[in-house]
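Chain by chain, the residues run as shown.
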Amino acid sequence: MASSTSQKQTLSSSSGPLAEELQCSICLDVFTDPVSTPCGHNFCKSCLNQSWDSSQTYTCPLCKDIFRRRPDLKINTALREVVLLFKGMSVESKSEVLCDICDDIKMKALKMCLVCQNSYCQTHLEPHQRVPNLKKHKLIDPVANLEDYICQKHEKPLELFCRDDHTCVCLLCAVTNHRNHNTVPVEEESRARRPQLMKMQTDVQQMIQDRMKRVQDVKHSAKIKKETSEKEKAESIDLFTDLIGSIERCQSELLEMMEQKQKAAEKQTEELIKELEQEITELKRRDTELEQLSHTEDHLHLLQIYPSLSRPAHTSSWTEISNDTHESGTNLRKTLIQLQETLDEKLNKSVLKRMQQYAVDVTLDPDTSHPKLILSDDGKQVTCGDIELKLRDNPKRFDYCCCVLAKEGFGSGRFYFEVHVNGKTDWDLGVARESINRKGMITAAPENGYWTIFMRDGSHYQARESSSVFLSLRVKPQVVSVFVDYEEGLVSFYDVESSSQIYSFTGQSFTEELFPYFCPCSNEEGKNAAPLIISRVRYNE
């Protein structure tokens, strides 16, 4: 236990950038079983567990990030290798041998005698430099493990190396057990092996540098992920704040409109009741007159007022009122539909804008292109010709379907690209994994490594799932975008101009690089001669 504590103190006192990088911020010592948190910081496994065991929340001790669930800590093996190498170098560089002859204050040993098997400081070494017999003794630099330099059988210095048995021996061993073996002085064997040691040292130093770089890369990646996450959270907050604001404004306008309509309806009802009551009074008066006239003997008076009584009384139409009520309900429904469409449009525009942040530069790969396809010089356009070009076949080239892949493949993260499809009657777009079959008839479904949508006959759209999914689109897309989130297993297609989603493949599992996939289809005697064009992303405002 004492030696372990001493070693820790020795290591913790090391200086230099490497020691700082390999220091746990909790115990302030070199890592023991280093583990990494989701935010990218490193700690001793026991230190971090003790910190979390005594707390009700799981927080990074360094940056104070809070984790909703306790992370599953796994030892960072690459960092542990660097730590072990560093500890080996530190212990070796810090070991110190003291003089065996000094009585009171032990001085640092300058040399060690293999014959006397003692270590000597500069003062007590003087006889070995002056007395003839002592001058013949074998002196070496001080070491803590002297027994490794002495033959345990004969208690003589190990001065020779047996090349047959690959071991160090003393002079007595050389004339007994190793009598007929190839033995050379240890100095000669050491010089012979020095170039190998130097190469091994260079390799170890390179390993240290590589692993330090990997540590820095992991930290940088974690920082980028955190910044991206924070940015996305901020954008999400802005988006939903905007949507909530729109909802509140629309709700306020709708309630105000409904209140106005309600007041207008109440006023109309009051006016109608008043008018009907007036009509009832008038009709009752007329009924009384008619009753009186039906019994009168004044025939002249009856004939004089008959024209006015025979005219129909002015009354309101209940049909008009019913129609007004129906129209009010219809307008309300239209308003609600317009509100929903406005919110959907805002949401789709925001989602598309976020996807466009992952736009990548995509160019067509002529080595994969079917012989009938014609690629532009800049690799941004493809159309189908009438004649098959004479091209050298290779495993990457499609030989039956008129398809082509992009040069760029993506094995992680997110990527996005846009393609002009206007003027075409048939096309296929999407992504495909690297190991897809490119020879003969192709079934472009996810189980075969294809995630695509297509248009046929100028208006029929489908997504190629295990069985085709028919798509109903309000407008004909002119520019189609493809967005992939590799880790989430998502492939989405959008109509860029209307900011509306066309289709999404979700819950996929990607294990290889994905390449953008294009199929302009046959030109149909010029009806489908327009090219597919990989366009620069026009960011939606």
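The structure we're discussing is the one just above.
The numbers attached to residues start from 1 for each chain and follow its sequence in the written order. Per-residue local features of the predicted model are confined to residues with pLDDT of at least 70, and side-chain atom pairs are confined, for both listing and counting, to 80 or more; whole-chain, interface and lining totals are unaffected and use all residues. Hydrogens and waters are ignored; side-chain quantities use all the structure's heavy atoms.

As a further point, take the packing of aromatic side chains. Ring geometry is summarised as follows: Phe, Tyr and Trp rings, the Trp one being its six-membered ring, pair when their centres sit within 6.5 Å, and such pairs are stacked at plane angles under 30 degrees, edge-to-face over 60 and tilted between the two. Counted by the stated rule, this structure contains twelve aromatic pairs. Aromatic pair Phe-410 and Phe-415: ring centres 4.2 Å apart, planes at 20°, arrangement stacked. Grouping residues by exposure puts Phe-410 and Phe-415 together as buried. On the numbers, 5.4 Å between centres and 80° between planes, the contact of Tyr-450 with Tyr-517 is edge-to-face. Placement of Tyr-450 in strand β16 (residues 450–456) and of Tyr-517 in strand β22 (residues 514–519) is noted, with a sequence separation of 67 residues between them. Here the aromatic cluster, defined as three or more aromatic residues joined through ring pairs, consists of Trp-52, Tyr-58 and Phe-67. Note on exposure labels: buried denotes an accessible area under 20% of the residue type's maximum, exposed denotes more than 50%, and partly exposed covers the range between, all computed with a 1.4 Å probe on protein chains only. Put simply, DSSP H or I for four residues or longer makes a helix, DSSP E for two residues or longer makes a strand, and each gets a number counted from the N terminus.

This brings us to the side chain of Asn-42. Among the secondary structure elements, Asn-42 is positioned in strand β2 (residues 42–44). You can call Asn-42 buried: its relative accessible area is 12%. Within polar-contact distance, the side chain of Asn-42 engages the side chain of Ser-36 at 2.5 Å. Note on contacts: a residue pair qualifies if any of its non-hydrogen atoms lie within 4.5 Å across the two residues. Apart from residues lying up to four places away in sequence, Asn-42 is in contact with Phe-31, Val-35, Ser-36, Asn-76, Leu-79, Val-215 and Lys-219. Any N or O atom pair separated by 3.5 Å or less is treated as a polar contact, with the protein-specific requirement of one donor-capable and one acceptor-capable atom, and with residues adjacent in sequence counted only for side-chain atom pairs.

The term disulfide refers to a covalent linkage connecting the sulfur atoms of a pair of cysteines. Disulfides are defined as pairs of cysteine sulfur atoms found within 2.5 Å of each other. With the rule as written, the count across this model stands at zero disulfides. Cysteine Cys-102 remains unbridged, with the sulfur of Cys-99 as its closest cysteine sulfur at 3.6 Å. The thiol sulfur of Cys-519 is not disulfide-bonded, and the nearest other cysteine sulfur, from Cys-521, lies at 3.9 Å. Taking the relative accessible area as the measure of exposure, Cys-519 reaches 8% and is therefore buried.

Another aspect to go through is the pairing of strand β12 (residues 381–384). A pair of strands is considered paired only if DSSP assigns at least 2 bridges between the two. Here strand β11 (residues 373–375) runs beside β12; their pairing, made up of three bridges, is antiparallel. Within β12, the position partnered with Ile-374 by the bridge is Thr-383. Hairpin remark: β11 followed by β12, antiparallel, with five residues in the connecting loop; positive phi at Gly-379, about 70°. Pairing of β12 with strand β23 (residues 532–535) involves two bridges; the strand directions are antiparallel.

Let's shift gears to the nonpolar core. Ranked by size, the top nonpolar core spans 36 residues in total, and within it Trp-427, Val-431, Ile-453, Val-491 and Phe-518 carry the most contacts. Setting aside residues up to four positions removed in sequence, Trp-427 forms contacts with Val-421, Ile-453, Phe-454, Met-455, Arg-456, Tyr-461, Val-480, Cys-519, Cys-521 and Leu-532. To qualify as a nonpolar core, a set must consist of buried Ala, Val, Leu, Ile, Met, Phe, Trp, Tyr and Cys residues joined through side-chain atoms within 4.5 Å. By size, the runner-up hydrophobic cluster in this structure holds 19 residues, among which are Cys-44, Leu-48, Cys-60 and Leu-73.

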